[in-house]
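Each chain is listed here by its residues.
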Amino acid sequence: DKDAKQAAAVLTVNVGCFADPPELLGLAHFLEHMLFRGSAKYPKENDFEDYIASNSGENNAITDSLETYYFFKVDNNALEGSLDRLSCFLTDPLMDADCTDRELNAVDSEFKSKLQSDSRRSFVILKSATNQRHAFSKFGTGNNKTLRESAEKHGLDLREELLKFHQKYYSSDIMKLIVVGNHSLDQLSEWAVSMFSGVESKGNTKPIEHSHPLGQNELGRVLRYESVGKHNQFRFVFAIPEVKSTYKQNPYMYICSLLGRSDEGSLLLYLKRLGLATSILSYYYGLDYDNFNLFTIHVYATPEGIGRYSEIAHALFAYLQMLAETGPQKWYHDELKTICEIDYRFFVQLDAEDWRDIILSNIHNEFLEPEHVIYKLRSINLFDPQLISKQLQYLTPTNYTLLIQTKKHKDVECTSKEEFYGIKYDLRDLPSSLTNDMVIDRDLVAKFHMPAPNAYLPKSLSVDKPENTSAVVVATEPTLLWMNDKIEVWFKRDDQFFVPRGSINLSFNVPEVLQTPRNYVTALLYTWYVEDVLRREFYSARLASLYFKVYLGDAKITITTSGLNDKLSNLVCDIAKRLKNLTIDSLIFDMQKISLDDGYTNIIYDRALDQATYHLGCLNDAPGWHYSMVAKEVNSLTVSDLQTFADHLFEKTYVKMIMAGNFYEQDALDLAKQMEDIIDYIPLPIHMRTTSVVQLFDPGYYIFQSPIADKDCKDNAIICQFQCTLG
């Protein structure tokens, strides 16, 4: 990539924590750490990291179930030296015994930093519901107990075990190297071959599991576990075959798309109207699993919903029954395919680092054709109704295990404790009425149906691209097209990428939201409520690669939109009309109010670093309110309060609009006029308009200290900020 501002490389080894010996859990992760500690050619302990840092770069590594990734980005002129150092990880690592203790402490510290993370704990507890003889159940992070103490117990030398693991599994046959830089392809290839040809070939050393982690003994059970924060979630986990061989058809993209919908006829809308759930997410696990996979339908429940899991389960299986009986619909598949093809056709050039996430998800798939490596796995090429129907046959009441997460279960005492994270849980059989003896409710099935055709699919993808793009003078700033006492309109045409995309942002100045903590939290709840409404009513727009968000920042409520430009102005107008005529629904209000309250409660359970970052932001931003001041206002808010806020929000305001992308100036002016007509507001006087500023401190040294409220948190953090001025 001749335009790459930085170079990058990723080395992937198709082995991870699945290969850990049972007496040394976390060994693959520990090896990942130790490889950074020097090689025969570069024996200095931190040579690789120092070289990367001294050349404006950064590096990282990840150990997953079946893969280990080593990644760096660096100045282009330092790519050769960086690759050479990376190759030595594979050919002659030192793994000096003097470094062992320090790196063991680093692994243990990494483990401890996630002890109170509910997202990490949720993944870990799933292992307790699977076959304990399967590699999926292994504890992959490692800590002092599973590495240092276990090695002493079994009379093992850790350095020798690291060398054995490296010698056994680190084979060139299961490695992939990705290199991006502004050098020629010939030069990049020459470096790759000369530096990595010394990596030994040992055959395919990838560990392969032939059984399924959810066998007959593990299905049909319910695992209840306690969260650290206030979370109410269900996970319906289904045993399915491997999915990587079906990447061209991608049947689960079709299924996931429908399960995630929140418009009429959807499962989520039905559950929301009952006050049982706030969102649904579905996904499968690692793409590289050879003989199995797990498909999860993740239901984010309300406090009311967490006690009614039987009702939610019946609704879920009634919806899946509707999909099975309706059969795969080619028109819906074609809508998804159209968007995927447009996304690929007008793929925006990425920075070198960004290639990692795209390529890594596919790179070890032996079924993948080379030309599809950068064609993201969200692609959907071939319509295969038989395959979609076959996958739906796995999503049945006889083929799942249920996980229920909440802070305190009402009817069950969680007396078991997970070994490493201390998660309290209870595991038992599901009632037969939710498994083998479940009767699908036909009245429920009749409530669900396929969505309407997508009105936001683009009709035009035309781009007014000059013949000689190199002669175009790229504008570095937007232009102020129009300004009066109600609105200012900024515009920036795409004169660099020439793709049919754009963005339109509207910012409404509402100074009263910062006057009191109550005003602030009312405005924040308004944005949460609106986001919920828009996600439901404009779900089709999101599927058509049109993205939108409503958020509160400073004294402004901002609407951001982006995506394919053809229908983007239509979407902005539709959103504005919806907000202008908003009637607060008490059920949605209650759900969003609970979510907001839970969000404030859960802040104290965030990582120490995240809490420190939040406090620093509060110190820097002016004006603003700390969460401790606004959280106490949430519970007293009423539907009437929010309705009053919504009714008066746009009575008096000042709007800033910026349109950028594949548009013309007249498009911006026309949309601005439409906004004035739709909102129909009076101008906010100039002296009332607010602007955000960074709080400047007098020269000196300041310390802000905040104790960690969560007594079980073993994490600490320090942030040091230097406030500098120019000149």
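Each remark here, short or long, concerns the structure printed above.
A few points on the structure. For clarity, every value in this text was computed on a predicted model and none was experimentally measured.

As for the overall build of the protein
- A count of helices and strands for the protein gives 24 helices and 20 strands.
- What you see for the protein is a C-alpha radius of gyration of 28 Å, in line with the 27 Å of a compact globule of 727 residues.
- Reported as C-alpha extents along the three principal axes, the dimensions of the protein are approximately 80 × 70 × 55 Å.
- Expressed as a percentage of the 727 residues in the protein, the buried residues total 53%.
- Contacts spanning at least 24 positions in sequence make up 83% of the contacts within the protein whose residues lie at least 6 apart.

Details of the pattern of salt bridges
- The final tally for this structure, using the stated rule, is 41 salt bridges.
- Between Glu-161 and Lys-164 there is a salt bridge, and its shortest N-O distance comes to 3.4 Å. Taken as a pair, Glu-161 and Lys-164 lie in helix 7 (residues 158–169) at a separation of three residues, close to a single helical turn.
- Taking the relative accessible area as the measure of exposure, Glu-161 reaches 13% and is therefore buried.
- Note that Asp-677 and Lys-673 form a salt bridge whose closest N and O atoms lie 2.9 Å from each other. With a gap of four residues between them, Asp-677 and Lys-673 both fall in helix 24 (residues 665–679), about one helical turn apart.
- Judged by relative accessible area, Lys-673 falls into the partly exposed class, the value being 47%.
- One continuous salt-bridge network, built from bridges that share partners, spans Arg-37, Glu-45, Glu-49, Arg-102 and Glu-103.

Digging into the sheet that holds strand 4 (residues 175–180)
- The four strands are arranged 2-3-1-4 in an open sheet whose pairing can be described as antiparallel. The strands lining the two open edges of the sheet, one partner per strand, are strand 2 (58–63) and strand 4. Averaged over all pairs of adjacent strands, the angle between strand axes in this sheet comes to 10 degrees, irrespective of strand direction.
- Across six bridges, the pairing between strand 2 and strand 3 (residues 68–74) is antiparallel. Bridging from a neighbouring strand, Ala-61 pairs with Tyr-70 of strand 3.
- Running over the sheet, helix 3 (residues 79–91) touches strand 1 (7–13), strand 3 and strand 4 and is turned about 160 degrees from strand 3.

Observations concerning the packing of aromatic side chains
- Summed over the entire model, instances satisfying the criterion amount to 35 aromatic pairs.
- Ring centres of Phe-236 and Tyr-400 lie 5.8 Å apart, and the angle between their planes is 35 degrees; this geometry places the pair in the tilted category. Residue Phe-236 is located in strand 6 (residues 233–240), and its partner Tyr-400 is located in strand 9 (residues 400–406); the two are separated by 164 residues in the primary sequence.
- Relative to Phe-317, the ring of Phe-238 lies with its centre 6.1 Å away and its plane at 75 degrees, an arrangement referred to as edge-to-face.

Section: the environment of Tyr-309
- For Tyr-309, the position within the fold is in helix 12 (residues 309–326).
- Judged by its relative accessible area of 16%, Tyr-309 is buried.
- Along the primary structure Tyr-309 and Asp-680 are separated by 371 residues, whereas in three dimensions their C-alpha atoms are 46 Å apart.

Overview of helix 24
- With 15 residues, helix 24 should reach 21 Å at 1.5 Å per residue; the first-to-last C-alpha distance of 21 Å fits that figure.
- Among all positions of helix 24, only Ala-668, Leu-671, Ala-672, Met-675, Glu-676, Ile-678 and Ile-679 are buried. Buried residues of helix 24, seen end-on, are gathered within an arc of 165 degrees and therefore sit on one face of the element.
- Where helix 24 is buried, its residues meet strand 12 (479–483), strand 13 (487–493), strand 14 (501–509), helix 19 (568–580) and strand 18 (652–661).

Concerning the side chain of Ser-82
- Residue position: Ser-82 is located in helix 3.
- Since its relative accessible area comes to 0%, Ser-82 is described here as buried.
- Only 2.8 Å separates the side chain of Ser-82 from the backbone oxygen of Ala-78, close enough to count as a polar contact.
- Dropping the residues within four chain positions of it, Ser-82 is found in contact with Phe-48, Tyr-51, Ile-52, Phe-72 and Val-74.

About the criteria used
- Here the residue numbers are simple positions, counted from 1 along each chain's written sequence.
- Totals for whole chains, interfaces and linings use every residue, but because this is a predicted model, local features are given only for residues with pLDDT of at least 70 and side-chain atom pairs only at 80 or more, for both listing and counting.
- Based on all heavy atoms of the structure, the side-chain values leave hydrogens and waters out of the count.
- Elements are defined by DSSP. Helices are runs of H or I of four residues or more, strands are runs of E of two residues or more, and each kind is numbered from the N terminus.
- Based on C-alpha atoms, the radius of gyration is set beside the globule rule, defined as 2.2 Å times the residue count to the power 0.38.
- In this scheme, a residue with accessible area under 20% of its type's maximum is buried, one over 50% is exposed, and one in between is partly exposed, where area comes from a 1.4 Å probe on protein chains only.
- By the convention used here, residues are in contact when the closest approach between their heavy atoms is within 4.5 Å.
- By definition, a salt bridge exists where a carboxyl oxygen of Asp or Glu is found within 4 Å of a side-chain nitrogen of Lys or Arg.
- Two strands qualify as a pair provided DSSP detects at least 2 bridges between them.
- With axes taken as lines fitted to C-alpha atoms, and helix axes fitted only over the stretch in contact, angles between N-to-C directions fall between 0 and 180 degrees.
- What counts as a ring pair is set by centres within 6.5 Å for rings of Phe, Tyr and Trp (its six-membered ring), and what kind of pair is set by the plane angle: stacked under 30 degrees, edge-to-face over 60, tilted for all other angles.
- In a helix, the anticipated span is given by 1.5 Å times the number of residues less one.
- Along the arc lie the directions from the helix axis toward the C-beta atoms.
- Definition of a polar contact: a pair of N or O atoms within 3.5 Å, with one able to donate and the other able to accept a hydrogen when the atoms are protein atoms, and with sequence-neighbouring residues admitted only if both atoms are side-chain atoms.

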